[in-house]
Amino acid sequence: MKYLFLFLLIPTINFAQRDSEFYKMTINDFMKLPEVNQPIDARNPNQVLFDAALFHATNEQRLKHNLSAFEYSVTIHKAAIFHSEAMINQDFYNHDNPHNQVNRRMQDRIMLLTNEYKRMAENIAQHDVLGGINTQYCFQNPKKGEDYVYMSCDKKKVLPMLSYAELARAIVNGWMNSPHHRGNIMNPKLTAMACSGRFSKNPFKTARCPFARITQDFGGGL
């Protein structure tokens, strides 16, 4: 009964063969894939591709600082997906899930799936999908039934969507510029990792531009 109960709490997530192949590729080979460097279709994003881009962008930083690359963990990935989907579907941004007491904390979400990790950590992020801006953008008020158009405030130039590689690297760079988040990424005692990014609903239908909420979970031994 215990295992049936846990199955109901965190649904089984199927990983297609080609999806798992992303994690077997070298960083350079993955980041050179044409689809990784295409602008994100915010209406129909490839979430599998984005998750893998976040994983490889993080390992870029590990290797740059002479640390071993993280191992990919399917189990940790499931926990990260569960939290990112909750943040989007239930519209909150926090390490703790205020809507689910059983799966409230990161440790709860991982330990419901496995007890193999003695050390656990988590980074989260929220990032716009627009390219070519720092923090501000402007928009045109659409006519009835039309979409919002987002543009640079100074030149009134329509802003493109970032590619999966660009967005993943921007998010990881943000973590690397934050001492706490950087500490998790650079911690040699954390050896397994997976990421999940989920995109905002109903893109181009509000003044808020398309964005993603991201969960990065880690596991390690003693």
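Residues numbered from 1 in each chain as written. Predicted model: local features only at pLDDT ≥ 70, side-chain atom pairs only at ≥ 80, totals over all residues. Heavy atoms only, no water.

### Points about the environment of Ser163
Operational definition: Put simply, DSSP H or I for four residues or longer makes a helix, DSSP E for two residues or longer makes a strand, and each gets a number counted from the N terminus. Accessibility here uses a 1.4 Å probe with only protein chains present; expressed as a share of the type maximum, an area under 20% marks a residue as buried, one over 50% as exposed, and anything in between as partly exposed. Any pair of residues with heavy atoms lying within 4.5 Å of one another is described as a contacting pair.
Counting through the fold element by element, Ser163 comes out in the loop between β4 (149-151) and α7 (164-176). Judged by relative accessible area, Ser163 falls into the buried class, the value being 4%. Residues contacting Ser163, with those up to four places away along its chain left out, are Val36, Asn37, Gln38, Pro39 and Ile40.

### Here we look at the state of the cysteines
In protein chemistry, a disulfide is the covalent bond that joins the sulfur atoms of two cysteines. Let me state the cut-off plainly: The disulfide criterion used throughout: a pair of cysteine sulfur atoms within 2.5 Å.
Per the stated rule, a full pass over the model turns up one disulfide. Disulfide pairing is shown between Cys138 and Cys153; the S-S distance is 2.1 Å. Between Cys138 and Cys153, the disulfide has an S-S torsion of 110° and is therefore right-handed. With a gap of 15 residues between them, Cys138 in strand β3 (residues 138-140) and Cys153 in the loop between β4 and α7 connect regions that are remote in the sequence. Since its relative accessible area comes to 29%, Cys153 is described here as partly exposed.

### Looking at the confidence of the model for the protein chain
The cut-off we apply is this: What pLDDT reports is the predictor's confidence in each residue, on a scale of 0 through 100.
For the protein chain, mean pLDDT is 90; residues scoring 70 or higher make up 90% of the total. Confidence drops under a pLDDT of 50 for residues 1-12, and excluding neighbours within four residues, the segment shows 12 contacts in the predicted structure.

### Describing α7
The cut-off we apply is this: Working rule for helices: expected span equals 1.5 Å times residues minus one.
The terminal C-alpha atoms of α7 lie 18 Å apart, and with 13 residues this matches the ideal 18 Å at 1.5 Å per residue to within 8%. What α7 keeps buried is the set Tyr164, Ala165, Leu167, Ala168, Ile171, Val172, Trp175 and Met176. On its buried side, α7 packs onto α3 (27-31), α4 (47-64), β2 (119-128), α8 (179-186), β5 (192-199) and β6 (211-220).

### As for the pairing of β6
Short version of the rule: Two strands are counted as paired when DSSP detects at least two bridges linking them.
With 10 of 10 residues buried, β6 lies mostly within the body of the structure. By the alternation rule, side chains of β6 split into Phe211, Arg213, Thr215, Asp217 and Gly219 and Ala212, Ile214, Gln216, Phe218 and Gly220, which are all buried. In the sheet, β2 pairs with β6 via 10 bridges, with the strands oriented antiparallel. In the strand pairing of β6, Asn123 is matched with Gln216.

### Quick notes on helix α5 (residues 74-89)
In a regular helix each residue adds 1.5 Å, so 16 residues correspond to 22 Å; α5 covers 22 Å between its end C-alpha atoms and thus fits that length. Where α5 is concerned, the buried positions are Ile76, His77, Ala79, Ala80, Ile81, Phe82, His83, Ser84, Ala86, Met87 and Ile88.

### Some thoughts on the nonpolar core
The following threshold applies: Remark: nonpolar core denotes a set of buried residues (Ala, Val, Leu, Ile, Met, Phe, Trp, Tyr, Cys) joined through side-chain atoms within 4.5 Å.
With 46 residues, the main nonpolar core has Phe30, Val36, Phe50, Leu167, Ile171 and Ile214 as its most contacted residues. Listed by contribution, the elements that provide at least two residues to this core are α3, α4, β2, α7, α8, β5 and β6. Here the element with the most residues in this core is α7; it accounts for eight residues. Beyond its immediate stretch of four places on either side in the chain, Phe50 contacts Tyr164, Leu167, Ala168, Ile171, Gly197, Phe199, Ala212 and Ile214. One finds Ile110, Met120, Ala192 and Ala194 within the second-largest nonpolar core, a separate group that totals eight residues.

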